[in-house]
Amino acid sequence: MILTIVGGGGLGHVCAAVASSQGDCEVRLLSGHPQRWCDHISAVDPDGKIYNGAIAKISSDAAEVIPGADIVLLCLPGYLIEQNIQKIAPFLDKGAALGTIVSSTGFFLFAHRNLSSDVPLFGFQRVPFISRVKEYGHSALLLGYKKEVALAVENHPDAEWLRAQMERLFVTPAKLLASFYEAALTNSNPILHTGRLFTMWHNWDGKPYDHQILFYREWDVPSAQKLIDMDEEFMALLDKLPVRKGVVPSLLEYYESHDAQSLTDKIRSIVPFQTITAPMKVSGGGWVPDFGSRYFTEDFPFGLKLIKDLALENGVASPNIDEVLAWGLSVCDANV
């Protein structure tokens, strides 16, 4: 088994460590910064378990790490996906599966647009790990596992085989979805992140904060209510698409809550989320929003915009999503 990982962020680090530690998988890496990587990689989880692995080949040249791969996995932000698909395409072996660690930022749309219709594709609905880089190119933190992951598979002669490989390589139970819509449309980052950011900062007066806000630990009821309102519109969209009931649960269902207050309490209490900070930077003697962070440059123009475009195509009213998207795109454009 040869797995090539594309991208060197937190997920790229953790996926490389976990997969290569399984012992029967050769892991390669396509990275824009190959000189910063060593050939050994480790990740430690919250219980102190260490995944020690090796990277067989590291390169910025797709021709060196894509040919021969059975599976190619993109661990990339949305704005890098299409250009990397174009970069990889000439070197994919026939039958090699190309996939993404999360499908909500346009992977299937870009793949359909740039690849022939017989290329096997797959995509996770949600990422299997909460990940952070510890020392770039050397080590990472696996901050949390998912109880189960789901993935969509297209054009593969044995989708069950691919599902089993993902389950084994990433030590997380995996199930198959019925269509790429079920993987690509999620109320996770594209709604959860954007709704929270809007509520925190759409009326920001420009004054620095005295600390870096804890994104989840300091969650509030207005953020939860905005999330619920956006999610109701999202659920109405799913009713118009080939998405099975219950495959994408509402946020209230997913977080076992019934209203804005109980959702707030639940989100604040999730242990792996406790230390995650809001996208902010030091400025003017305090902390200010970082409108150039991936929370903005990925989740608004790629995640939430895909949902908005589909809502428009399918005649679904989405005033809350429209309001949040318009604000997010405006601050992204102002900070280009």
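Let me begin by describing the structure that accompanies this report. Predicted model, so just to flag it, every value in this text is computed and none were measured.

## Brief notes about the packing of helix 3 (residues 78-88) against helix 4 (residues 107-114)
Phase 1: Put simply, helix 3 and helix 4 touch, their axes get as near as 10 Å, and they point 25 degrees apart. Relative to helix 4, the element helix 3 lies roughly parallel. Of the two elements, helix 3 crosses helix 4, and the hand of that crossing is right-handed. Residues G78, I81, E82, I85 and Q86 of helix 3 form the contact with helix 4, whose own contacting residues are F107, F110, A111, R113 and N114.
Phase 2: Its residues placed into classes, the contact of helix 3 with helix 4 shows five nonpolar, three polar and two charged.

## A closer look at the environment of G12
Phase 1: Counting through the fold element by element, G12 comes out in helix 1 (residues 10-20).
Phase 2: Residue G12 is classed as buried on the basis of its relative accessible area, which comes to 0%.
Phase 3: Taking the C-alpha atoms as reference points, G12 and Y181, 169 residues apart in sequence, are found 24 Å from one another.
Phase 4: Those residues in contact with G12 that lie beyond four places of it in its chain are I5, G7 and C75.

## Some words on the pattern of salt bridges
Phase 1: Taken as a whole and assessed by the stated rule, the structure comprises 15 salt bridges.
Phase 2: With a shortest N-O distance of 2.9 Å, E167 and R163 are connected by a salt bridge. Remark: R163 and E167 occur in helix 5 (residues 159-169); sequence separation between them is four residues, near one turn of the helix.
Phase 3: E167 gets classed as partly exposed once you look at its relative accessible area, which sits at 30%.

## Quick word on the sheet that holds strand 1 (residues 2-6)
Phase 1: Taken together, the eight strands give an open sheet; going across it, the order is 5-2-1-6-7-8-11-12, and neighbouring strands pair in mixed fashion. Looking at the sheet topology across the chains shown, the edges are occupied by strand 5 (57-59) and strand 12 (174-176). Taking each pair of neighbouring strands and ignoring which way they run, the sheet shows an average axis angle of 20 degrees.
Phase 2: The strands touched by helix 3 are strand 1, strand 2 (26-30), strand 6 (71-74) and strand 7 (97-100); relative to strand 6, the strand with the most contacts, the crossing angle is about 155 degrees.
Phase 3: Of the strands in this sheet, strand 1, strand 6, strand 7, strand 8 (121-124), strand 11 (149-154) and strand 12 are in contact with helix 5, which crosses strand 12 at around 160 degrees.

## Points about the packing of helix 7 (residues 188-201) against helix 13 (residues 319-334)
Phase 1: Running from N to C, helix 7 and helix 13 cross one another at 70 degrees; their axes reach a closest spacing of 10 Å. When the axis of helix 7 is compared with that of helix 13, the two are roughly perpendicular. In contact with T194, G195, L197, F198 and W201 of helix 7, helix 13 contributes E323, V324 and W327.
Phase 2: When the residues that make up the contact of helix 7 with helix 13 are grouped by side-chain class, the tally is five nonpolar, two polar and one charged.

## Focus: the side chain of S250
Phase 1: In this fold, S250 is placed in the loop between helix 8 (221-238) and helix 9 (251-254).
Phase 2: Look at S250 and you get buried, because its relative accessible area is 14%.
Phase 3: Non-local contacts of S250, meaning those with residues more than four positions away in its chain, are made with N187, D231 and M235.

## A closer look at helix 7
Phase 1: The terminal C-alpha atoms of helix 7, which comprises 14 residues, lie 19 Å apart, in line with the 20 Å expected from a rise of 1.5 Å per residue.
Phase 2: Most of helix 7 sits out of view: 13 of its 14 residues are buried.

## Here we look at the pairing of strand 14 (residues 286-289)
Phase 1: Examined bridge by bridge, strand 13 (residues 280-283) and strand 14 share four bridges and lie antiparallel to one another. Each residue of the ladder has a partner; that of K281, found in strand 14, is V288.

## A look at the sheet that holds strand 3 (residues 40-44)
Phase 1: On the basis of which strands lie adjacent, the open sheet formed by four strands has the order 4-3-10-9 and mixed pairing. What marks the edges here is a single partner per strand, and that holds for strand 4 (50-54) and strand 9 (129-135). Going across the sheet, the axis of each strand differs from the next one's by a mean of 25 degrees, ignoring polarity.
Phase 2: Pairing of strand 3 with strand 10 (residues 139-145), which is carried by three bridges, proceeds in the parallel orientation. Considered in strand 10, the bridge of A43 is made with A140.
Phase 3: Where helix 1 meets the sheet, its contacts fall on strand 3, strand 4, strand 9 and strand 10, and the angle it forms with strand 9 comes to roughly 100 degrees.

What counts and how
- Residues numbered from 1 in each chain as written.
- Predicted model: local features only at pLDDT ≥ 70, side-chain atom pairs only at ≥ 80, totals over all residues.
- Heavy atoms only, no water.
- Axes fitted to C-alpha atoms, helices over the stretch in contact; angles between N-to-C directions.
- Helix = DSSP H or I, 4+ residues; strand = E, 2+ residues; numbered from the N terminus.
- Parallel < 35°, antiparallel > 145°, perpendicular 65-115°, else oblique.
- Left-handed = near helix turned anticlockwise from the far one by under 90°.
- Contact = heavy atoms within 4.5 Å.
- Nonpolar A, V, L, I, M, F, W, Y, C, P; charged D, E, K, R; others polar.
- Buried < 20%, exposed > 50% of the residue type's maximum accessible area, 1.4 Å probe, protein only.
- Salt bridge = Lys/Arg side-chain N within 4 Å of Asp/Glu carboxyl O.
- Pairing = 2+ DSSP bridges.
- Expected span 1.5 Å × (residues − 1).

By themselves these figures say nothing about function.
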